[in-house]
Amino acid sequence: MIKGILKNIIRRKQAIRFPEEFQVPPDQELEIVDLKKKIHAIFRRSLRIRQVDAGSCNACEWECTALTNPVYDIQRFGMDFVASPRHADLLLVTGPVSRQMELALKKTYLATPDPKLVIACGDCARDGGIYKGSYAVANGVARVIPVDGCIPGCPPTPTAILKGLLDLLRYTRKPLDT
Amino acid sequence: MEKLLKKAINIKDHLNEQYIEVARDDFRDACRYLWNEKDAILRLMFAVDERSISGSFKVHAVFSIPGMDRFFIIVLSLQEPVRPAHGPELVEGDDLSFPSLTVDIPAAHWYEREIRDMFGLNPQDHPDPRRLVFHESFPARSYPLRKDWAITDSDAKEWGEGMAEKEPYRFMQVEGEGIYEIPVGPVHAGIIEPGHFRFSAVGETIFFLEPRLFYTHKGTEKLFESFGFEDGVNLAERVSGTSSFSHSAAYCMAVERMMGVHLTEKAEAARTLLLEMERLYNHIGDIGNLCAGTGLTVGYARGAVIKEKLMQLNQRVTGSRYLRGVNLIGGISKEIFPHSDHIRSTLDIVTKEYKGLMKLLLGTVSHIERLENTGVLSREIARKLGATGVSARASGIPDDIRHAHPHLFYDRLDFEANTMAAGDVLARMMVRTADLECSISIIRTILDGRYQGENAAGTRAIPPFAASLGYTEGPRGSIFYWVMADHAGGVFRVKLRSPSFCNWPVVPFAVHGNIVPDFPLCNKSFNLSYSGCDM
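To keep things clear, this report deals only with the structure shown in the data block. (Residues numbered from 1 in each chain as written. Chains lettered and ligands numbered in written order. Predicted model: local features only at pLDDT ≥ 70, side-chain atom pairs only at ≥ 80, totals over all residues. Heavy atoms only, no water.)

## Focus: the packing of helix α8 (residues 265-294) of chain B against helix α9 (residues 297-318) of chain B
All names here are of chain B.
Here comes step 1: With their axes 7 Å apart at the nearest point, α8 and α9 run at an angle of 160 degrees to one another. If you check the angle between α8 and α9, you find them roughly antiparallel. As α8 packs across α9, the resulting crossing turns out to be left-handed. When α8 is examined against α9, the residues Leu 274, Met 277, Leu 280, Tyr 281, Ile 284, Gly 285, Gly 288, Asn 289, Cys 291 and Ala 292 are found in contact with a partner set consisting of Gly 299, Tyr 300, Gly 303, Ile 306, Lys 307, Leu 310, Met 311, Leu 313, Asn 314 and Thr 318.
Here comes step 2: Here the residues of the contact of α8 with α9 are counted per class, giving twelve nonpolar, seven polar and one charged. (Axes fitted to C-alpha atoms, helices over the stretch in contact; angles between N-to-C directions. Helix = DSSP H or I, 4+ residues; strand = E, 2+ residues; numbered from the N terminus. Parallel < 35°, antiparallel > 145°, perpendicular 65-115°, else oblique. Left-handed = near helix turned anticlockwise from the far one by under 90°. Contact = heavy atoms within 4.5 Å. Nonpolar A, V, L, I, M, F, W, Y, C, P; charged D, E, K, R; others polar.)

If you want it as structure tokens, here you go:
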């Protein structure tokens with residue numbers, strides 16, 4: 001293992017690059033620093049996200065999973081996905097909310113402790129997307145539980161989700177932990 | 001075979017599909033004959049509400065015989081019992097039923113329950129009277145795929161409340177000393193789709209597992225009917241996220257075959273290329289994900305990085321990480337081949353990294369030991385329940401649509417249907433690695449060629465009441481679409497069958513006798529889509 005580390009140091013092996021088209025311009029980098037402060041201020045250094053699939057096609061889930069890979073590495077912002085709504089500050093809901101998931105989503109919302117935020121992630125979650133008008137969907141998360149923000153895209157790229165989360169936090173001014 | 005054809009009331013040929021309409025009494029015999037004598041595979045089974053055309057419901061069972069590029073579609077007409085024009089709704093006992101195939105052909109069991117839920121056609125003598133697609137709160141006697149059905153406000157309200165139990169669902173119960181139940185889901189701990197699992201365990205060992213799915217049922221088939229054929233492509237792409245391209249390719253193929261449109265060589269090559277690129281990123285992701293099941297974090301992270309590189313390649317080549325927005329009826333919408341060099345160079349990097357990952361995984365005893373002899377799916381169960389794709393091939397069934405029914409470029413390519421005999425988690429991983437190497441070589445072969453023609457061949461008018469199958473081998477297994485046009489060339493019926501619908505029923509058999517902590521591992525080794533199954 002030491003040999004490997006030395007080899008990497010000598011070769012100056014580079015970390016995996018962030019996708020070119022998403023290279024963060026210098027001025028935006030400032031925002032990310034700013035965001036870190038915000039998370040510190042609002043959520044005391046950590047934002048815990050509970051992802052809830054309410055009938056999505058699974059593309060949004062994979063993009064959320066991608067956020068935890070070494071390329072996007074969401075943990076470096078002090079955010080992470082948690083296993084239970086009881087541990088969560090934020091619900092990231094995907095899918096148009098199929099009627100058979102409606103109850104489970106409501107229960108998940110109720111199980112999340114206050115203060116909490118809800119983000120509708122993806123076009124389906126916003127208003128039903130392509131599934132809008134089907135007999136078996138509720139046409140968007142906002143019809144079922146209160147929503148604080150939307151991240152558009154079908155599916156939104158990991159960068160878009162990350163940016164969406166950052167934006168949401170930037171505009172959430174109300175101190176949540178009163 | 002001649003005996004079967006002699007019994008037919010009506011035979012219709014369309015490309016490699018043969019529609020054999022039989023009388024009610026012969027339906028079971030005809031299907032049994034294909035299944036038992038010819039070793040046929042039940043590809044899909046569905047009903048169509050043709051009351052506005054021929055005054056009857058039609059049940060179709062699609063079989064294909066190994067080694068024969070031909071589909072035998074046994075059709076049964078069900079006349080609605082005559083009743084007064086404004087008479088009462090159908091009640092129990094009205095003869096809107098068809099002979100169930102399940103007892104002879106276990107692979108039919110979910111299809112028949114689905115037909116009962118969606119059309120209200122009762123499979124006679126089906127051993128399982130419970131609902132499949134709809135949960136307790138869905139209004140009784142409501143059959144969404146009937147043409148005259150629309151959800152009423154009161155039904156919608158009742159359903160949404162989720163309180164009124166109209167058709168109670170009984171989980172199968174295991175009785176005995178020391179047996180306890182573990183209910184899991186629909187909201188799980190990880191970032192995955194919703195589904196409920198009911199384990200009956202003895203100590204740590206799973207004695208019985210009953211999955212309850214269809215939480216993500218979105219009424220996709222009904223929605224297809226309100227779309228045009230062109231717009232349907234978008235919906236097909238969103239049936240199952242990580243099989244977007246395979247689904248839309250199968251759907252487009254069905255519509256193209258119905259229109260009589262032939263793809264140009266270039267479009268065929270591009271579609272084949274993208275199908276393989278989809279398989280590639282899925283399989284690498286799956287191999288990496290298995291490590292999450294055994295706690296090998298390094299392997300998981302390395303798999304995720306390779307997958308990410310392939311996703312970024314997808315984005316550069318097509319503008320979408322999930323290869324969406326590329327398929328059109330009649331061809332593809334984007335130039336793929338100018339990106340050849342880019343694809344090649346990424347493949348070089350990926351191949352190298354993947355080899356390193358495999359060396360790590362195969363060299364890690366603690367990882368391999370967990371995979372070996374875990375989640376064994378026997379060949380017999382896989383055959384009887386009609387498993388498809390990686391799950392079937394890892395249990396020794398050499399079923400690969402690319403071979404069995406060559407389409408696109410696959411008859412011009414040299415590759416094998418990779419099989420393993422063991423049927424355990426390791427076998428499924430090794431089949432994936434073999435498939436993956438196949439995909440890499442197919443992609444390279446296609447990139448080396450030069451192709452004539454336009455990207456899109458254009459569309460043609462659709463003959464009234466035309467129907468056709470479309471199929472392809474997705475990353476999880478065979479994907480089937482069956483489309484039918486109405487009198488004006490609009491959409492009359494779209495039936496889709498994703499591989500997960502065939503593979504979910506085998507999971508309980510594979511986990512039987514394993515310990516509860518190995519369930520995630522077994523589940524990951526199948527990597528089934530909930531959304532694709534639930535539709």
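## Quick notes on the environment of Met 259 of chain B
Residues and elements named next belong to chain B.
Here comes step 1: With respect to the element layout, Met 259 can be found in helix α7 (residues 244-259).
Here comes step 2: In the structure, Met 259 is positioned 46 residues away from Val 305 in sequence and 42 Å away in space, judged by C-alpha atoms.
Here comes step 3: Residues contacting Met 259, with those up to four places away along its chain left out, are Ile 329, Thr 459, Arg 460, Ala 461 and Ile 462.

## Overview of unusual backbone geometry
Here comes step 1: A cis amide bond links Cys 154 of chain A to the next residue, Pro 155 of chain A, at an omega of -10 degrees.
Here comes step 2: Residue Asn 58 of chain A is not a glycine yet carries a positive backbone phi of 95 degrees.
Here comes step 3: With respect to the element layout, Asn 58 of chain A can be found in the loop between β1 (47-53) and α3 (59-67).
Here comes step 4: Even without a glycine there, the phi angle at Leu 408 of chain B is positive, about 45 degrees.
Here comes step 5: Here Leu 408 of chain B lies in the loop between α14 (401-404) and α15 (425-448).

## A word on the layout of surface pockets
Here comes step 1: Roughly 910 Å³ of volume is contained in the second largest pocket.
Here comes step 2: Looking at the second largest pocket, it is lined by 34 residues, and the ones nearest its centre are Ala 189, Gly 190, Ile 191, Ile 192 and Lys 524 of chain B.
Here comes step 3: Sorting the residues of the lining of the second largest pocket by element identifies α3 and β2 (79-81) of chain A together with β8 (179-184), β9 (196-202), α8 and α18 (519-526) of chain B as the ones contributing at least two each.
Here comes step 4: Partitioning the lining of the second largest pocket into residue classes produces 19 nonpolar, ten polar and five charged.
Here comes step 5: Taken together, domain 2 (179-212) and domain 3 (220-526) of chain B each give at least three residues to the lining of the second largest pocket, which thus spans both. (1 Å grid on protein atoms, 1.4 Å probe; cavity = no way out; pocket = protein on both sides within 12 Å on 5 of 7 lines; lining within 4 Å. Points joined across faces, edges and corners; volume = space filled by probe spheres on them. Domains from an automatic or database assignment.)

## Examining the nonpolar core
All names here are of chain B.
Here comes step 1: Core analysis: the largest hydrophobic core is formed by 86 residues, its most contacted members being Phe 27, Met 45, Val 59, Phe 63, Ile 74 and Leu 121.
Here comes step 2: When residues in this core are grouped by element, the largest group, seven residues, is from strand β5 (residues 71-79).
Here comes step 3: Ranked by size, the runner-up nonpolar core spans 57 residues in total, among them Phe 245, Met 358, Phe 409 and Phe 415. (Core = buried A, V, L, I, M, F, W, Y, C linked by side-chain atoms within 4.5 Å. Buried < 20%, exposed > 50% of the residue type's maximum accessible area, 1.4 Å probe, protein only.)

## Re the side chain of Thr 346 of chain B
Here comes step 1: When you line up the elements, Thr 346 of chain B lands in helix α10 (residues 340-363).
Here comes step 2: With sequence-adjacent residues up to four places away left out, Thr 346 of chain B is seen in contact with Lys 309 and Leu 313 of chain B.

## Examining the packing of aromatic side chains
Here comes step 1: All chains considered together, the criterion is met by 21 aromatic pairs over all chains.
Here comes step 2: Measuring from centroid to centroid gives 5.0 Å for Tyr 135 of chain A and Trp 149 of chain B, while their planes differ by 80 degrees, and the two rings are edge-to-face. Linking Tyr 135 of chain A in the loop between α5 (123-127) and β5 (149-151) with Trp 149 of chain B in the loop between β7 (122-124) and α4 (153-161), this pair reaches from one chain into another.
Here comes step 3: Here Trp 149 of chain B falls in the buried class, since its relative accessible area comes to 13%.
Here comes step 4: Measuring from centroid to centroid gives 5.8 Å for Trp 110 of chain B and Phe 214 of chain B, while their planes differ by 55 degrees, and the two rings are tilted. In this pair, Trp 110 of chain B sits in helix α3 (residues 109-119) while Phe 214 of chain B sits in the loop between β10 (205-212) and α5 (220-226), placing the two residues 104 residues apart along the sequence. Each member of the pair, Trp 110 of chain B together with Phe 214 of chain B, is buried.
Here comes step 5: Each residue in the set Phe 197, Phe 199, Trp 504, Phe 519 and Tyr 530 of chain B is aromatic and connected to the rest through ring pairs, giving one cluster.
Here comes step 6: One residue, Lys 12 of chain B, lies across the ring of Tyr 19 of chain B, its end atom 5.1 Å from the ring centre.
Here comes step 7: Between Arg 198 of chain B and the ring centre of Phe 171 of chain B, over which it is positioned, the NZ or CZ distance is 3.9 Å. (Phe/Tyr/Trp six-rings, centres within 6.5 Å; stacked < 30°, edge-to-face > 60°. Lys NZ or Arg CZ within 6 Å of the ring centre and 35° of its normal.)

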